[in-house]
Amino acid sequence: MAAPFFSTPFQPFVYQSPQDAVTPFQILGGEAQIVQIMLKPQERIISKPGSMCYMSGSIQMENVYATENEAGVWQWLFGKTITSIVLHNTGTTDGFVGIAAPSLARILPIDLAKFGGEILCQPDAFLCSINDVKVSNSIDQRPRNLVANAEGFLRQKISGQGLAFVVGGGSVVQKNLEVGEVLAVDVPSIVAVSSTVNVQIKYNGPMRRVVFGELVDVTTWHLRAGER
């Protein structure tokens, strides 16, 4: 297996796909992290544009546009990227690629098969993915859930049976909600939720705060009845 140009004391994780393909990866660093993924010949990953930090000589990059991205125009209006990067090992030996978080953030590996094959994220949460993962952005068309910023207007949906890496700033906490349980949390603090979580946005505070630009919004989560 190819070795990177520097050595680290971190032991690699191993992801095994439903097709029994094994992909080792390492998450390096503290507050600003890098995920280093080892690629066998002809293997490929998808990453966010501008996130590639380093790669071996056998890796080729290709810029692609996801046709299933129904919010592409809105992303462009909000200054968000509408393309993805495919990193493909075209060589005959193992290669590697390092994908860096775009800011001071932690990289979180999520096995989609363990979450029903789909999660919903903030519009910039997706970093890269291995195996069967599709990333699309949609618009929350329910008027009660619209807020005057991109984070409340756009939703990033990550689906499939592969491994997705998302980024979250600050301290990351995972909450497992029981059926009917409600959790109130500030909108920008949400990194990702499973598809069984119903998200509603409620405004906290008197209406005059909205007029003077002091809007306080709180997102309320609750699971749909009968689902986990």
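Residues numbered from 1 in each chain as written. Predicted model: local features only at pLDDT ≥ 70, side-chain atom pairs only at ≥ 80, totals over all residues. Heavy atoms only, no water.

> When you look at the nonpolar core in this model, what are you seeing that I'm missing?
Where a protein is soluble and globular, its nonpolar side chains tend to be buried together. Membership of the largest hydrophobic core comes to 21 residues, with the highest contact counts inside it found for Val-35, Ile-37 and Phe-165. Within the residue set of this core, elements represented by two or more residues are strand E2 (22–28), strand E3 (34–39), strand E7 (83–89), strand E8 (95–100), strand E11 (126–130) and strand E14 (163–168). Leave out the neighbours within four places in its chain, and Phe-165 touches Phe-25, Val-35, Ile-37, Ile-107, Leu-108, Pro-109, Ala-125, Phe-126, Leu-127, Cys-128 and Ile-130. Listed in part, the 12 residues of the second largest apolar core include Leu-112, Ile-119, Cys-121 and Phe-126. (Core = buried A, V, L, I, M, F, W, Y, C linked by side-chain atoms within 4.5 Å. Buried < 20%, exposed > 50% of the residue type's maximum accessible area, 1.4 Å probe, protein only. Helix = DSSP H or I, 4+ residues; strand = E, 2+ residues; numbered from the N terminus. Contact = heavy atoms within 4.5 Å.)

> I tried to follow the sheet that holds E14 on my own but got confused; where do I start?
Whenever strands of a sheet pair, they do so through backbone hydrogen bonds, lying parallel or antiparallel. Spatial ordering of the open sheet is given by E6-E7-E4-E11-E14-E9, a layout of six strands whose pairing is antiparallel. Every interior strand has two partners, whereas the edge strands, strand E6 (59–65) and strand E9 (106–111), have only one. Shown here is a sheet whose adjacent strand axes are inclined to one another by a mean of 20 degrees, direction ignored. As judged from the four bridges shared by strand E4 (residues 44–47) and E7, these two strands associate in the antiparallel manner. Note that in E7 the partner of Arg-44 across the bridge is His-88. (Pairing = 2+ DSSP bridges. Axes fitted to C-alpha atoms, helices over the stretch in contact; angles between N-to-C directions.)

> Just to check I follow, could you spell out the packing of aromatic side chains for this structure?
The geometry of two aromatic rings is summed up by the distance between their centres and the angle between their planes. On inspection of all chains with the given rule, the structure shows three aromatic pairs. Aromatic pair Phe-13 and Phe-25: ring centres 5.4 Å apart, planes at 25 degrees, arrangement stacked. Here Phe-13 is found in strand E1 (residues 13–16), whereas its partner Phe-25 is found in strand E2, with 12 residues between them in sequence. Residue Phe-13 is classed as partly exposed on the basis of its relative accessible area, which comes to 47%. (Phe/Tyr/Trp six-rings, centres within 6.5 Å; stacked < 30°, edge-to-face > 60°.)

> Can you walk me through the sheet that holds E2 in this structure?
Reading across from one edge, E1-E2-E3-E8-E5 is the order of the five strands in this open sheet, with antiparallel pairing throughout. At either end of the open sheet lies a strand with only one pairing partner, and these are E1 and strand E5 (52–55). Strand-to-strand twist of the sheet, defined as the mean angle between neighbouring strand axes without regard to direction, takes the value 25 degrees. In this structure, E3 lies alongside E8, joined through six bridges in antiparallel fashion. Bridge pairing links Val-35 to Ile-99 in E8.

> Any chance you could explain the layout of surface pockets here in plain terms?
By rolling a water-sized probe across the atoms, one finds the places where empty space is left. When its volume is computed, the largest pocket comes out at roughly 1200 Å³. Taken together, 44 residues line the largest pocket, and the ones lying closest to its centre are Val-173, Gln-174, Val-191, Ala-192 and Val-193. Elements represented by at least two residues in the lining of the largest pocket include exactly E9, E14, strand E15 (182–186), strand E16 (192–194) and strand E18 (217–223). The leading source of residues in the lining of the largest pocket is E9, at four residues. The residue makeup of the lining of the largest pocket, split by class, is 25 nonpolar, 12 polar and seven charged. (1 Å grid on protein atoms, 1.4 Å probe; cavity = no way out; pocket = protein on both sides within 12 Å on 5 of 7 lines; lining within 4 Å. Points joined across faces, edges and corners; volume = space filled by probe spheres on them. Nonpolar A, V, L, I, M, F, W, Y, C, P; charged D, E, K, R; others polar.)

> Where do I start with the confidence of the model for the protein chain in this structure?
Reading predicted coordinates in detail is not appropriate for stretches of low pLDDT. Summing up the model confidence of the protein chain, the mean pLDDT is 75 and the portion of residues at 70 or higher is 68%. Ranking the elements of the protein chain by mean pLDDT puts helix H2 (residues 150–153) last with 45 and E8 first with 94. Scored below 50 in pLDDT, residues 1–10 makes 21 contacts in the model with residues more than four places away or belonging to other chains. (pLDDT = per-residue confidence, 0-100.)

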